[in-house]
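Each chain, written out:
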Amino acid sequence: MSEITITFVEIGGTEKVITDAGVGENIMQVATANEVAGILGECGGGCACGTCHIYVDPDWESVVGGPNDVEDMTLDMVFETRKPNSRLCCQIELAENMDGLRVTVAPESL
Ligand code: FES
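Residues numbered from 1 in each chain as written. Predicted model: local features only at pLDDT ≥ 70, side-chain atom pairs only at ≥ 80, totals over all residues. Heavy atoms only, no water.

K.L.:
Honestly, the environment of Glu96 in this entry has me stumped. Any pointers?
P.N.:
Tracing the backbone through its elements, the reader meets Glu96 in the loop between strand S4 (86–88) and strand S5 (101–105). In this structure the C-alpha to C-alpha distance between Glu96 and Thr19, which are 77 residues apart in sequence, comes to 13 Å. Residue contacts for Glu96: discarding those within four places in its chain leaves Ser2, Ile4 and Val23. For Glu96, the side chain forms a polar contact with the side chain of Ser2, separated by 2.5 Å. (Helix = DSSP H or I, 4+ residues; strand = E, 2+ residues; numbered from the N terminus. Contact = heavy atoms within 4.5 Å. Polar contact = N/O pair within 3.5 Å; in protein donor to acceptor, adjacent residues only side chain to side chain.)

Structure (structure tokens):
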């Protein structure tokens, strides 16, 4: 499995750079395996809890894309902190073209 680099900006501004994120993994898996603060992944990636809410860096929005209808409904659960670049990171599967991706952990709103 090839590996790419992804940067998480934790709440408070601390940057966590992960250099061995596996292509094919979802971002929530990478975050929880590396103890990124604020990404809980309580539903295990089922798009049901909203505890993996992130903001995609504007430079990466076109690469990552937007949520599907199911994710969109779950994002409504975190409406207080939702922004146009909000995503649930369990729903983003890492691809080769995401090397260098940068995301910010959203404040908890549940
Ligand atoms: S881990 Fe529950 S919605 Fe992503």
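Further notes follow.
K.L.:
I keep staring at the sheet that holds S5 and nothing clicks. Help me out?
P.N.:
Picture the strands of a sheet paired through backbone hydrogen bonds; they go either parallel or antiparallel. What the five strands build is an open sheet, ordered S2-S1-S5-S3-S4; its pairing is mixed. Here the strands that pair on one side only, and so sit at the sheet edges, are strand S2 (15–22) and S4. Ignoring strand direction, the axes of neighbouring strands in this sheet form an average angle of 35°. Of the strand pairs in this sheet, strand S3 (residues 53–56) and S4 are connected by three bridges, and their pairing is antiparallel. Across the sheet, the residue bridging to Tyr55 is Ser86, located in S4. (Pairing = 2+ DSSP bridges. Axes fitted to C-alpha atoms, helices over the stretch in contact; angles between N-to-C directions.)

K.L.:
Explain the state of the cysteines here, please?
P.N.:
Disulfides are covalent bonds that connect the sulfur atoms of two cysteines. Scanning the entire structure with this criterion turns up zero disulfides. Cysteine Cys47 shares no disulfide, and the gap to the nearest cysteine sulfur, in Cys90, comes to 5.4 Å. The thiol sulfur of Cys89 is not disulfide-bonded, and the nearest other cysteine sulfur, from Cys52, lies at 4.5 Å. Its relative accessible area of 0% is what places Cys89 among the buried residues. (Disulfide = S-S within 2.5 Å. Buried < 20%, exposed > 50% of the residue type's maximum accessible area, 1.4 Å probe, protein only.)

K.L.:
Could you clarify how one ought to interpret the pattern of salt bridges in this entry?
P.N.:
Where side chains of opposite charge bring their charged atoms close, a pairing between them can arise. Tallying each qualifying case throughout the model produces six salt bridges. Its salt-bridge partner being Glu10, residue Lys16 comes within 3.8 Å of it at the nearest N-O pair. A salt bridge links Asp57 to Arg102, with the shortest nitrogen-to-oxygen separation between them at 3.7 Å. Note that Asp57 is positioned in the loop between S3 and helix H2 (61–64) and Arg102 in strand S5, a separation of 45 residues in sequence. One network of salt bridges, with partners in common, ties together Glu15, Asp57 and Arg102. (Salt bridge = Lys/Arg side-chain N within 4 Å of Asp/Glu carboxyl O.)

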